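Overview (structure and organization)
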Amino acid sequence: MTQLSTAPTTTVTPDPLRDRVAIDALRAEFTDAVMVHDFDRLASLFTDDGAVRMPDVSAEAEGRAAIRASVERMQGAWEFFVQVSTPGAVVPDPDDPDAASGRTFLEELGRLRDGTSHRNHGIYHDRYRRTADGWRFAERVYELRYVDDTPLPGTPGMPPSARPLPAAG
């Protein structure tokens, strides 16, 4: 396992509300990047030495390049995939203003290219680190809480790439 730096990366005055909003935005950005298959953006949401661990499916990736490749490979196995996230607790590290931990609750469903279906509920147990670019994931550990492989009766909609966001203006 890669050792994460414990040295503070900023000299920002702690502001728990500002930090909570920024971390919630980070978690929402992750789900958005997954849903629209923006794997470069997803990888950028991690520290350089960040990690994703999914012990229930024996998957692990450390470092941005490995995380990007792993997510792209996993998403490539799906005919369609939907992820809905709900933010959970954020707990600042009392000894390091540039670190926090928290949870994100997920509901996912989809159909794999082999025709099998999958629905689950899970929790990401997160560690966050403030960097010069803002809050990033230092580690996400995925815990499955419920799995249902009953065939899904519905059909997939239009792919995410066919529906770009309108320009801000």
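Up top is the structure these notes are about.
Conventions we followed
Residues numbered from 1 in each chain as written. Predicted model: local features only at pLDDT ≥ 70, side-chain atom pairs only at ≥ 80, totals over all residues. Heavy atoms only, no water. Helix = DSSP H or I, 4+ residues; strand = E, 2+ residues; numbered from the N terminus. Buried < 20%, exposed > 50% of the residue type's maximum accessible area, 1.4 Å probe, protein only. Core = buried A, V, L, I, M, F, W, Y, C linked by side-chain atoms within 4.5 Å. Contact = heavy atoms within 4.5 Å. Pairing = 2+ DSSP bridges. Axes fitted to C-alpha atoms, helices over the stretch in contact; angles between N-to-C directions.

1. Describing unusual backbone geometry
Keep in mind that most residues, glycine aside, have a negative phi and that most peptide bonds are trans. Even without being a glycine, His 37 presents a positive backbone phi close to 60 degrees. Mapping His 37 onto the fold places it in the loop between helix H1 (16-35) and helix H2 (39-44). The exposure class of His 37 is partly exposed, given its relative accessible area of 39%. Positive phi values are uncommon outside glycine, yet Ser 58 reaches one of about 55 degrees. Relative to the helices and strands, Ser 58 resides in the loop between strand S1 (46-54) and strand S2 (59-62). By relative accessible area, Ser 58 is classed as exposed at 69%.

2. Some details on the nonpolar core
By size, the foremost hydrophobic cluster in this structure holds 24 residues, and its most contacted members are Phe 30, Leu 42, Phe 46, Ile 67, Tyr 128 and Phe 137. Those elements giving two or more residues to this core turn out to be H1, H2, S1, helix H3 (64-76), strand S3 (78-93), strand S4 (96-112), strand S5 (117-131) and strand S6 (134-148). Sort the elements by how many residues they give to this core and H1 lands first, with five residues. Among all residues touching Phe 30, those that are not within four sequence positions of it are Leu 42, Leu 45, Phe 46, Gln 83, Tyr 124, Phe 137 and Arg 140.

3. A few points about the sheet that holds S4
Spatial ordering of the open sheet is given by S2-S1-S6-S5-S4-S3, a layout of six strands whose pairing is mixed. Each having just a single partner strand, S2 and S3 make up the two edges of the open sheet. Within this sheet the neighbouring strands show an average axis-to-axis angle of 15 degrees, counted without direction. Pairing between S1 and S2: four bridges, direction antiparallel. Following the sheet pairing, Val 52 is matched in S2 by Ala 61. Relative to S1, H3 is tilted by about 40 degrees, and along the sheet it contacts S1, S2, S3 and S6.

4. Quick word on the side chain of Gln 75
Structurally, Gln 75 can be placed in helix H3. Ignoring anything within four residues of it in the chain, the contact list for Gln 75 reads Val 34, His 37, Phe 39 and Phe 81.

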